[in-house]
Structures are given as C-alpha cells and as structure tokens.
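# Per-entry structural report
Here is what each chain is made of, one letter per residue.
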Amino acid sequence: MPEPTTQRFNSPLARVDHSIDGNNEDAINHPRTPSQTRFEKQSGDSAEDTMARELEKLLQTVVSDPLATEQDILRTQQEMSSFMKLFRRFLKNSAQPPLPWASVASPEGLTPYATLPPPGDLQDASGLLSKLAVVKLNGGLGTTMGCVGPKSAIEVRNGMTFLDLTVRQIEHLNELYKCSVPLLLMNSFNTDRETRKIIQKYSRHSINLRTFQQSRYPRIAKETLTPLANTWTDAHETWYPPGHGDFFTSLRDSGLLDELIAEGKEWIFVSNVDNLGATVDLAILAHMARSGADFCMELTEKTKADIKGGTLITLTDPVTGVATQQLLELAQVPPEHRADFTSVKKFKIFNTNNVWISLSALKRRLSEDPDFDLDIIVNEKVVPIAGEDGETRRVLQLETAIGAAIKHFPSAQGIIVPRSRFLPVKSCSDLFLVQSDLYALEHGGLRLNPRRQFGTVPLVKLGDHFRRVPSFMDRLPSPPHILELDHLSVTGDVTFGKNVTLRGTVIIVANHGERIDIPSGAVLEDKVVTGCLRILDH
C-alpha cells in the first residue's frame, strides 16, 4: 500500500482573509490572468455546489433514520455545517501561492525554561492548581503498533497503560497539593465508546474525570471531491477525526468550556496522551499567571530524530511589514527549502504539542470568531473500499493542528523546555526505551535515571519483527539494561533473553532465514552480531 502523503493548503500571508465569505482573490501579489481566475472560480463553485448537495443527502439519512436520536441529528447537522465551511476554505486556499520563504524567520523573545522562577510555597502552588484543568488528546488508535482499540490502552510500564499513568499523575497532584485538578479526555469517534468503558475502572479513584468527543467528518474522494460516506451509519473507514485543532470548538460545543469557567478554572493544559513527558509543570503554570500570557506553546531543541516536527516561526507580511508568530510544518514548506527546514541550523527548536491556554481568552476568541479558522492540512491517504476485496481508494482529509491557534492569541508565548517534557511513544522502539531502566517511574511520571551519565537518550531502531506490540513483548520478555547504551540497531528475527545488558553501540543483524537468540545474562558492548545463533530448550 502506498505511503500517505501530506500537503498543506493555506494562505501564507496574515493579511489574507481566511473567512468563508471573504473575497480576497485580488489580495495575492502573484498576478493571475482573467481566464485563469474565471476557470478557478467556476471549478470551485462547481465543487462547492456538489459537496453541498451530497452533504444534504448525507444529513437526510440521519433525519429519516428511526433509530437516530435528536442528539444524533443535531450533532450531525453541526458537524456537516462545520465541515462545509472547512471545505469552502480548502477550495479557496488551494489556489494560493506557496509560502514566501524570504519572509520566514526564527522567532525572537522565546522564554528559556531555566529562567522561570519557582512557583512559590505549597499554598501558592495549591492556589494555582485549583484554577487548572488538564486535557489529554485521546483520539488515536493503537493500530500502528499492532494493537486494537485506543492507543491509550496500551500497556507501557509495569502493567500500566497510558491512561493509568495519566490518572496516577493527576491523583498524586491532587493528593499532594490538596486540590482538585480535573482530567478531560478528548476522544474521537474511533476511541470514544471503548474509552468510556475503560474509565469505569477509575470510578473509585479520587479524580474528576470527564470526556468529550471531537468532530466526525466524511473523508473526501480525491477524484470527485465528494464524501466517501453515503449514509451517517457507513463504516468507520469513510469518516475521520479532523486533527487536534478541532479541540477548541469541540470543547465549546460540548459545554465543558463554560462549565470549567463556572467552576473557577482559568487555565487548561493540553497534550497528547502518548507523550509521557507532558506532566503538569508548576513553573510554567506560575509563568502563565504572572505574565498574563493567553497561550503558551512548549518547544524543545531539535535533534536529527525531529527533522519532521513543526516549529514556531515569525512570518512577516511583505506588504504591510506586520510580523506574526505561526506554526510551520514540513508539509507547508516549499520543496526547494525543505533542506533548510529539516536542518538544525535555521530552525533549532520544534513544537512538542504541549500547550497552555487561558480559558477566558479562549472564550473571548471563540465569541469573536465562532469558526476559529486554522490553517488547513490536506492529508492524502489510501483506504480500503468496503466490500471490495483488495480494492483501495485515494481520499483527502482536511485537518487542523492545535498549535496553529497561536496566531489567534495576542499575548501568546513560546517556552523552550527541557527535552524531558517530550517523551512520545509512537513506535515499539520508543516503548523499548520507556520500559527500560533508563527511566524511573514515580507517581505515574517517568524521569531519566540519575545513574545515566549522559543527558541524552540512546538512538534505538528496531526492525519490522518488533513493529507490533505482541511480537515486541514476545521477543523482549524483560527490559534490558541500557544505562550505558548509545545506539542500538536490530534487524531480522532476533530474540532477547532476560537480564541482558547493552552498552555503547550494538548492532544485531539476522539475515533472511536466520535467527539470533541473545542469551539471558549476556553483556554486549560495542558489538556487531550477525549470522545465526539459536538457543533451544531441553
């Protein structure tokens, strides 16, 4: 199956109106001929009219369904309306010129984490925490790691899942500071039902746990620019969650934004549920309170492993000279400048997707701009066709990112945080690290083992035999000791015994048809292991 590709269609200039009713085709400096403009408008009008008709048909399937509740109908109406506005912006923005690279610069005035003053005494910390809520983005499935259901249900450490660790963190925080920080989970339609079942096990825990669901939009057939779904009950493969930028309007539409404000909450901390480094940080929370910042994005130093990560930039309008902070991702960069983007020379930091937001500022911005337009990321995928054995179809997903909202907040700031606040588990290579003795587990949080002599983590690359969690667990019955490991590369049919120690650079390659069993108690230091090594039970 071909790898999905990602494009970004957005207006690169801050002065261009992104509203669906704006008429700014003449605001771009790149001139177009009258015939080209007329052709683009006619094509866009045709696609827009066709999409509107298809969405109306889709909406009628829920209205006429006797099993659909009033809530189902209202939610679908709201989602189809929001999707149509997004589609109109996509049609309008797709004709815009590429990002003006000469106007892009690294931002100035970022705040180093080390300069943040301590939050104060226990009473001060308790007062701040009483005004905080925590949100975990919980919309992803565990399919890329070979698991069924929400990714947050994967066991990470000592039999505890991502959700278990998060709940333990919040519980400990509330116990230690005698406060009540609520935990909110933003689920997708893929994870909502299963997550609601899972969290029942926390009913006796001392935690205020709530969930809400982000939008469900129809995938778009690339060839026809029409919805893949024909009815509101069509298979999950015909729908998609539109990215974590949907957080803002989903929180509002769920009623939780007003609910939190009524409870006296002033700030909200949002992060990915699979980022084990994204814990509540009192220094950052105190900085939000002291500085009056309405939006804080956590950034950290880029390494060679992070070349595709989005970064914060300053974009200057070449006409007005107005500079704005914006999120820049690889898909937005013109092809001829991607080497600059991925290099650590021009952009030395990247976005961790940990954000802190003032709830009152968010409420105000949503009142001023109910649609809360964010740059559109067009994600192209290949999906199977239901009922057609082996048949696939190319589709488009119109998505947005939570970090792109930074330009909507006038007092937004970027904080350069330690690498320890970015510990995502996206693959079994990451799982290998967090399960090892490289990290110590404390109250649901992971911290780098103080016996590790280096401040960086090893580079680990596990091959396809380790790609799925079940096979990973079979091949690694117990985590190895890697406190002195620099680099590990494993390829082929390899199995580790118990109590294995890896140091320096270790490369293990089992060629096709061969197998390598690393014996229990083995110590490998600066070794290359190849060939065939079998250990048989007797």
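If you're wondering where the values come from, they're calculated on a predicted model, not measured in any experiment.

## Observations concerning the confidence of the model for the protein
In the predicted model, the protein carries a mean pLDDT of 88, and 90% of its residues have values of at least 70. Segment residues 1-32 is flagged for pLDDT under 50; beyond a separation of four residues in sequence, or across chains, it makes 84 contacts in the model.

## Focus: the sheet that holds strand 26 (residues 501-509)
Spatially, 23-24-26-28 is the arrangement adopted by the four strands of the open sheet, whose pairing is parallel. Two strands lie at the open edges of the sheet, namely strand 23 (459-462) and strand 28 (523-530), each paired on one side alone. Sheet twist, expressed as the average angle between the axes of neighbouring strands with direction ignored, equals 10°.

## A short note on the environment of Pro-335
Mapped onto the elements, Pro-335 comes out in the loop between strand 16 (323-328) and helix 9 (338-342). Overall, Pro-335 belongs to the exposed group, its relative accessible area being 61%. Pro-335 sits 237 residues away from Pro-98 along the chain, and the two C-alpha atoms are 9.8 Å apart.

## Some points on the pairing of strand 24 (residues 485-491)
Here strand 23 runs beside strand 24; their pairing, made up of four bridges, is parallel. Note on strand 24: the bridge partner recorded for Val-460 is Leu-488. Regarding topology, helix 12 (residues 469-475) serves as the crossover connection from strand 23 to the parallel strand 24, and that connection is left-handed. The sheet contact formed by strand 24 and strand 26 spans six bridges and is parallel.

## Things to note about the environment of Ile-385
Along the chain, Ile-385 falls in the loop between strand 18 (376-384) and strand 19 (392-399). The class for Ile-385 is partly exposed, based on a relative accessible area of 31%. Linking Ile-385 and Arg-168, residues 217 residues apart in sequence, is a C-alpha distance of 41 Å. Apart from residues lying up to four places away in sequence, Ile-385 is in contact with Glu-391, Thr-392 and Arg-393.

## Digging into the pattern of salt bridges
Applying the stated criterion across every chain yields a total of 26 salt bridges. Of the charged contacts in the structure, one is a salt bridge between Lys-201 and Asp-164, with a shortest N-O distance of 3.0 Å. One end of the pair, Lys-201, is in the loop between helix 5 (192-198) and strand 8 (209-213); the other, Asp-164, is in helix 4 (residues 162-177), and 37 residues separate them in sequence. Judged by its relative accessible area of 13%, Asp-164 falls in the buried class. Glu-259 is the salt-bridge partner of Arg-210, the closest N and O atoms lying 2.6 Å from each other. Of this pair, Arg-210 sits in strand 8 while Glu-259 sits in helix 7 (residues 256-262), and the two are 49 residues apart along the sequence. We classify Glu-259 as partly exposed; its relative accessible area is 37%. Among the charged side chains, a network of salt bridges with common partners joins Lys-151, Asp-274 and Lys-426.

## Quick word on the pairing of strand 13 (residues 267-272)
Sheet faces and side chains relate simply in a regular strand, where the side chains alternate between the two faces. Among the six residues of strand 13, six are classified as buried, and the element is accordingly described as predominantly covered. Burial along strand 13 is two-sided: Trp-267, Phe-269 and Ser-271 and Ile-268, Val-270 and Asn-272, pointing in opposite directions, are all buried. Sheet analysis places strand 4 (residues 132-138) next to strand 13, joined by six bridges and oriented parallel. What sits directly across from Leu-132, in strand 13, is Trp-267. Two strands pair when backbone bridges link them, and strand 13 and strand 17 (residues 349-358) are joined in this way by four bridges, in the antiparallel orientation. Counted as the bridge partner of Phe-269 is Trp-356 from strand 17.

## Some thoughts on the sheet that holds strand 2 (residues 104-105)
In spatial order, the strands read 2-15-16; together these three strands make up an open sheet with antiparallel pairing. Each edge of the open sheet carries a strand with a single partner, namely strand 2 and strand 16. Pairing analysis gives two bridges linking strand 2 to strand 15 (residues 311-316), with the strands arranged antiparallel. In the sheet register, Ala-105 faces strand 15, and the bridge partner there is Thr-314.

## Notes on the nonpolar core
Residues Leu-129, Phe-432, Phe-496, Leu-502 and Ile-508 are the most contacted members of the largest nonpolar core, which totals 74 residues. Examining the composition of this core, we find that seven residues originate from one element, helix 4, more than from any other. Excluding anything up to four places from it in sequence, Ile-508 contacts Ser-489, Val-490, Thr-491, Val-494, Phe-496, Ile-516, Ile-518, Leu-524 and Val-529. Judged by nonpolar contacts, the second largest core, of 37 residues, contains Leu-256, Leu-257, Ala-405 and Ile-406.

## Focus: the packing of helix 3 (residues 122-129) against helix 8 (residues 282-291)
Contact geometry for helix 3 and helix 8: axes closest at 10 Å, N-to-C directions at 70°. One way to sum up the angle between helix 3 and helix 8 is to call them roughly perpendicular. Across from Ala-125, Leu-128 and Leu-129 in helix 3, the residues of helix 8 making contact are Leu-282, Leu-285, Ala-286 and Ala-289. Here the residues of the contact of helix 3 with helix 8 are counted per class, giving seven nonpolar, no polar and no charged.

## Observations regarding the side chain of Thr-195
Take Thr-195: it is sitting in helix 5. If we skip the residues at most four places from it in the chain, Thr-195 touches Asn-138, Pro-150, Leu-163, Leu-185 and Asn-187.

The rules we used
Residues numbered from 1 in each chain as written. Predicted model: local features only at pLDDT ≥ 70, side-chain atom pairs only at ≥ 80, totals over all residues. Heavy atoms only, no water. pLDDT = per-residue confidence, 0-100. Contact = heavy atoms within 4.5 Å. Pairing = 2+ DSSP bridges. Helix = DSSP H or I, 4+ residues; strand = E, 2+ residues; numbered from the N terminus. Axes fitted to C-alpha atoms, helices over the stretch in contact; angles between N-to-C directions. Buried < 20%, exposed > 50% of the residue type's maximum accessible area, 1.4 Å probe, protein only. Right-handed = clockwise from strand over helix to strand, strands pointing away. Salt bridge = Lys/Arg side-chain N within 4 Å of Asp/Glu carboxyl O. Core = buried A, V, L, I, M, F, W, Y, C linked by side-chain atoms within 4.5 Å. Parallel < 35°, antiparallel > 145°, perpendicular 65-115°, else oblique. Nonpolar A, V, L, I, M, F, W, Y, C, P; charged D, E, K, R; others polar.

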